[in-house]
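# Descriptive analysis of the structure
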Amino acid sequence: MPLNIERRTINPDIELPDAIHPVLRRVYAARDIHSADELDYSLKSLLPFDGLKGIDTATALLAEAVEQTQRILIVADFDTDGATSCALAMRGLAAMGAGDACYVVPNRFEYGYGLSPEIVEVAAGYSPELLITVDNGISSVEGVTLAREKEMRVLITDHHLAGEKLPPADAIVNPNQPGDAFASKSLAGVGVMFYILVALRSRLRDTGWFDSQGIAEPNLAELLDLVALGTVADVVPLDHNNRILVAQGMARIRAGRCCPGILALLKFANRSMRAVSAQDLAFAVAPRLNAAGRLTDMSLGIECLLSDDVQDAAGMARQLDGLNRERRVIQEEMHEQALADIGELDLDIDNPPAGVCLFNADWHQGVIGILASKIKDKLNRPVIVFAPDGENTIKGSARSISGVHIRDVLDTIASRHPDVIEKFGGHAMAAGLTLNAGNFDRFATLFNETIDFLLGENMPDDTVFSDGELTPEEIDFRLASMIVDAGPWGQGFPEPVFDGEFDIVSRRIVGQNHLKLQLQCKGHDRKLDAIAFNVTDEGWPASTTTVKTIYKLDINEYAGRRQLQLVVDYIVPS
């Protein structure tokens, strides 16, 4: 298959210092960075908390609960954003003198997502005076109504898009609720909770609470390791505000100033604390935490993040690592079955439908999100994967592509065909929904038709975006280090990738399915180590001596040595 490369569009209206490396200037210009201010990742550049709608009411509720030692119950979500939000709230409230705070996290197989009426009944057993949702609740109208009937005050903290009707909570803090003027709509749930804690600290400072209680005013920046992990894991766009939160959190992790649970998870993932990147958090730490919520109960993940004992944290991290291995086995089996199902559907892999829905009665509900992401990457189309959720209902997990706001798609279907979807929620790139099993075929047709209408003639192709070519002199350790330091890179602020054609000096398969190469710059004697993960040279012509690539500059750490390496994302014979 040919490699279709498109160079990223460069914004000429930039005012960056001349001291910045020319390649990085090009990279920033392609990401619409206009000035050096947007590269300032100091905490003083964070947006102020008073822009969040409902923040004053929320902090009044919290301050009263703290000062009167009321019982606070946090209702968490079962993914990494939910776990970090919960751990952040527990640690932050304790540091501010809250004497009676606890949490509950729904088991996805028993209660499903959010503050459902069933979870409210569980919460009632804790006799809370204030109930706080983290990373959920904006769509929990029935649950909040029941909680209020049971005389609980309710504070909703969330970042997901609101529906037509808001829950009747005592306070709601969500940058995506109607009428909110906060400049960043990309906060993760953990970011929302961090802002609430900052606002609460300010309120308690003004009332003299810390002085009257002899409590040292907490440095909430010490909790940014949790904020960084949850933000990266939830794949929210890394706008300037989120980049500050993530950069500050990673700086603390690199310095060893983070919770023992994160350090233990990094160790089990064989990642270096000193050189941790956003990609390490996303692809090494988060999956191990998520494994608890996918297969059993996220309480294990939350406790790992709450532990201050190194040995206890390591023991829980070991359990999470084991669950992650089990999750990978299940996922691989489901992936193979999904590919077989696609084959039976007679889909044209090179020209698939606009939107794809898959269901198998044997699939595990906890892994359908990962499977949807993998199939989405393969087909370059929005994908929803469904698994059984009781006798007559199925639960779906949706993953989208650039240009398709998946929650808006579900909202469109629900508005036009109110009898098809039982409930749904989510944001631009990911969503969840529940259907009556008998409605699957109808929904799949409506989903495909809606995506097809939305995209029209702009159906995505196999084009790969690049930040251009590098000269042999530019491909060096110095630039690789600069790119690492210029992060965090992630959703909405992609890590730089470059295109280039190289001569093959040598190639071999390592680890069963990874292609290890030594490449030489064309017309130059410079040789470079490279690796293409999950790629082999099977099917290449025997005469292949040159390759066309899309690659990242990487620093490979092994046995105490740090060496330049190209990490190849795409490679074809040329």
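Preceding block: the structure.
Conventions used here
Residues numbered from 1 in each chain as written. Predicted model: local features only at pLDDT ≥ 70, side-chain atom pairs only at ≥ 80, totals over all residues. Heavy atoms only, no water. Helix = DSSP H or I, 4+ residues; strand = E, 2+ residues; numbered from the N terminus. Polar contact = N/O pair within 3.5 Å; in protein donor to acceptor, adjacent residues only side chain to side chain. Contact = heavy atoms within 4.5 Å. Axes fitted to C-alpha atoms, helices over the stretch in contact; angles between N-to-C directions. Left-handed = near helix turned anticlockwise from the far one by under 90°. Nonpolar A, V, L, I, M, F, W, Y, C, P; charged D, E, K, R; others polar. Phe/Tyr/Trp six-rings, centres within 6.5 Å; stacked < 30°, edge-to-face > 60°. Buried < 20%, exposed > 50% of the residue type's maximum accessible area, 1.4 Å probe, protein only. Parallel < 35°, antiparallel > 145°, perpendicular 65-115°, else oblique. Pairing = 2+ DSSP bridges.

### With respect to the side chain of Thr231
Locating Thr231 in the fold gives a position in helix H8 (residues 224-233). Here Val227 takes part through its backbone oxygen, which lies 2.7 Å from a polar atom of the side chain of Thr231. When near neighbours in sequence (up to four residues on either side) are disregarded, Thr231 contacts Ala188, Val190, Val236, Leu238, Asn242 and Val246.

### Overview of the packing of helix H2 (residues 55-67) against helix H6 (residues 189-206)
It is at 9 Å that the axes of H2 and H6 come closest, and there the two elements cross at 65 degrees. Considering only the axes of H2 and H6, their crossing is right-handed. Facing Ile55, Asp56, Thr59, Ala60, Leu62, Ala63, Val66 and Glu67 of H2, the residues of H6 in contact are Tyr195, Ile196, Ala199, Leu200, Arg203 and Leu204. By residue class, the composition of the contact of H2 with H6 is 10 nonpolar, 1 polar and 3 charged.

### Quick word on the packing of aromatic side chains
By the definition in use, this model includes 9 aromatic pairs. With centroids separated by 5.9 Å and ring planes inclined at 45 degrees, the aromatic side chains of Phe359 and Phe440 adopt a geometry described as tilted. Highlighted residues: Phe359 in strand E7 (residues 356-359) and Phe440 in helix H16 (residues 440-455), separated in sequence by 81 residues. You can call Phe359 partly exposed: its relative accessible area is 33%.

### Notes on the packing of helix H4 (residues 117-124) against helix H5 (residues 141-149)
At a closest axis distance of 8 Å, the pairing of H4 and H5 adopts a crossing angle of 30 degrees. It follows that H4 is roughly parallel to H5 by the angle criterion. As H4 packs across H5, the resulting crossing turns out to be right-handed. Packed against H4, whose contacting residues are Pro117, Val120 and Glu121, the element H5 presents Glu142, Gly143, Leu146 and Ala147 at the interface. For the contact of H4 with H5, the residue count by class is 4 nonpolar, 1 polar and 2 charged.

### Side note on the sheet that holds strand E14 (residues 514-521)
Picture the strands of a sheet paired through backbone hydrogen bonds; they go either parallel or antiparallel. Strands sit in the order E13-E14-E15-E17-E16 around a closed barrel of 5 strands; the barrel is mixed. Averaged over all adjacent pairs, the angle separating strand axes in this sheet is 45 degrees, with direction ignored.

### Digging into the sheet that holds strand E10 (residues 421-426)
In space, the 5 strands of this open sheet follow the order E7-E8-E9-E11-E10, with mixed pairing throughout. Every interior strand has two partners, whereas the edge strands, E7 and E10, have only one. With strand direction ignored, the average angle separating the axes of adjacent strands in the sheet is 20 degrees. Pairing of strand E9 (residues 393-399) with strand E11 (residues 430-436) involves 7 bridges; the strand directions are antiparallel. The residue bridging Ile394 from the neighbouring strand is Leu435, located in E11. On the sheet, helix H14 (residues 368-379) packs against E7, strand E8 (383-388) and E9 and is oriented at approximately 45 degrees with respect to E9. Packing against the sheet, H16 makes contact with E7, E8, E9, E10 and E11, and its axis sits at approximately 160 degrees to E7.

Scope: geometric values only; no functional claims are made or implied.
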